[in-house]
Amino acid sequence: MRVDIRPAIYSDCPKLAKIKLLARGENADESSARFQSELRYITAFLDERQSVFVQLIDRAPMAFCAVRERNIKPFIGYAFIKDLYVLPEWQSKGFGKKLLMHTLRTMRGNGYMNAVLECAEDNARARKFYEKFGFEKREVNQKIGCSDGYVTYTIDF
Ligand SMILES: CC(C)(COP(=O)(O)OP(=O)(O)OC[C@H]1O[C@@H](n2cnc3c(N)ncnc32)[C@H](O)[C@@H]1OP(=O)(O)O)[C@@H](O)C(=O)NCCC(=O)NCCS
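### Comments concerning the packing of helix α1 (residues 13-23) against helix α2 (residues 33-47)
When two helices pack together, their arrangement is given by the angle between the helix axes and the distance between those axes.
Working step 1: Interaxial distance between α1 and α2 falls to 9 Å at its minimum, and their mutual angle equals 120 degrees. By the criterion of interaxial angle, the relationship of α1 to α2 is oblique. Here α1 and α2 pass one another in a crossing that is right-handed. Every residue of α2 that contacts α1 at Cys13, Pro14, Leu16, Ala17, Lys20 and Leu21 is listed here: Arg34, Phe35, Glu38, Leu39, Ile42 and Thr43.
Working step 2: Here the contact of α1 with α2 is built from residues that sort into 8 nonpolar, 1 polar and 3 charged.

Pasting the structure below:
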């Protein structure tokens, strides 16, 4: 089994939209409005030259991590981990951890010293994953990209 991680390219975007919807347990039908909206959202990351890393098994994308620069106090200069999704059949096998480590190492190489993310309060599994990884919960007055019902986590490199 060959595992690779590389920056995303435009032709990956439909696959990444599918990974995200399937990881969230949502309908990933390509003709649905939901799929088209995710496709536009992920394509915009590349349009804006943000960092998106794709993980592939035997050359087939099965996970991705998208990072955004978001200079909002008190997280100015932090890498904002916006999306991290692993296809259901590949979850809990160490791939998410490997992809996140690769992403943070690359961001550190790009000059970042901290990262921030927001996770749904009721997503116990992802929260456990981030806490085990070393992220710490932060009390903040303002959310960066999400609304209420999300917990903010940070990590220093
Ligand atoms: C959350 C997610 C990215 C984690 O990736 P993953 O590949 O499943 O997780 P890993 O196998 O790399 O797990 C890494 C560590 O987290 C722990 N972990 C993973 N799932 C866990 C669970 N359900 N309960 C407790 N710990 C868990 C593992 O035990 C592992 O710890 P270890 O390194 O000590 O062995 C992935 O499960 C996913 O895409 N989930 C659905 C979408 C989602 O919620 N994304 C996050 C949005 S904020």
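### Topic: the site of the ligand
Working step 1: Neighbouring the ligand are 19 residues, the closest being Val86, Gln91, Gly96, Lys97 and Ala126.
Working step 2: Residue assignment for the shell around the ligand shows that the elements contributing at least two residues are β4 (79-86), α3 (95-109) and α4 (124-133).
Working step 3: By residue number, the principal contributor to the shell around the ligand is α4, which donates 5 residues.

### Observations concerning the sheet that holds strand β6 (residues 136-138)
Working step 1: Read across the open sheet, the 7 strands follow the order β1-β2-β3-β4-β5-β7-β6; overall the sheet is mixed. The sheet is open, and its two edges are formed by β1 (3-7) and β6, each paired on a single side. For this sheet, the mean angle separating the axes of adjacent strands, direction not counted, is 30 degrees.
Working step 2: Two elements, strand β3 (residues 60-69) and β4, share 7 bridges in a ladder whose sense is antiparallel. The residue bridging Glu69 from the neighbouring strand is Ala79, located in β4.
Working step 3: α4 rests against β5 (114-120) and β7 (150-156) of the sheet, and its axis sits at about 160 degrees to β5.

### Some points on the environment of Gly111
Working step 1: Its place among the elements puts Gly111 in the loop between α3 and β5.
Working step 2: Each C-alpha atom of the pair Gly111 and Val3 lies 26 Å from the other, and the pair is 108 residues apart in sequence.

### A closer look at the pairing of β4
Working step 1: Taken across its 8 residues, β4 has 7 buried, putting it largely inside the fold.
Working step 2: After leaving β4, the chain enters α3 and then returns to the sheet as β5, a path that is right-handed.

### Focus on α2
Each α-helix turn comprises 3.6 residues. Residues three or four places apart therefore point the same way.
Working step 1: With 15 residues, α2 extends 21 Å from end C-alpha to end C-alpha; this agrees with the ideal 21 Å at 1.5 Å per step.
Working step 2: Taken residue by residue, α2 has Glu38, Ile42 and Phe45 as its buried positions. Projected down its long axis, α2 shows its buried positions confined to an angular sector of 40 degrees, all on one face. Among the exposed residues of α2, those pointing more than 90 degrees away from its buried face are Ala33, Gln36, Ser37, Arg40, Ala44 and Asp47.
Working step 3: Residues of α2 that are buried in the fold lie against α1, β2 (51-57) and β3.
Working step 4: Just downstream of α2 lies Arg49, where phi reads positive at about 55 degrees.

Cut-offs applied
- Residues numbered from 1 in each chain as written.
- Predicted model: local features only at pLDDT ≥ 70, side-chain atom pairs only at ≥ 80, totals over all residues.
- Axes fitted to C-alpha atoms, helices over the stretch in contact; angles between N-to-C directions.
- Helix = DSSP H or I, 4+ residues; strand = E, 2+ residues; numbered from the N terminus.
- Parallel < 35°, antiparallel > 145°, perpendicular 65-115°, else oblique.
- Left-handed = near helix turned anticlockwise from the far one by under 90°.
- Contact = placed C-beta atoms within 7 Å.
- Nonpolar A, V, L, I, M, F, W, Y, C, P; charged D, E, K, R; others polar.
- Near = placed C-beta within 6 Å.
- Pairing = 2+ DSSP bridges.
- Buried ≥ 20, exposed ≤ 12 C-beta atoms within 10 Å, placed from the backbone.
- Right-handed = clockwise from strand over helix to strand, strands pointing away.
- Expected span 1.5 Å × (residues − 1).
- Arc of directions from axis to C-beta.

Remember, this is a structural readout, not a statement about activity or role.
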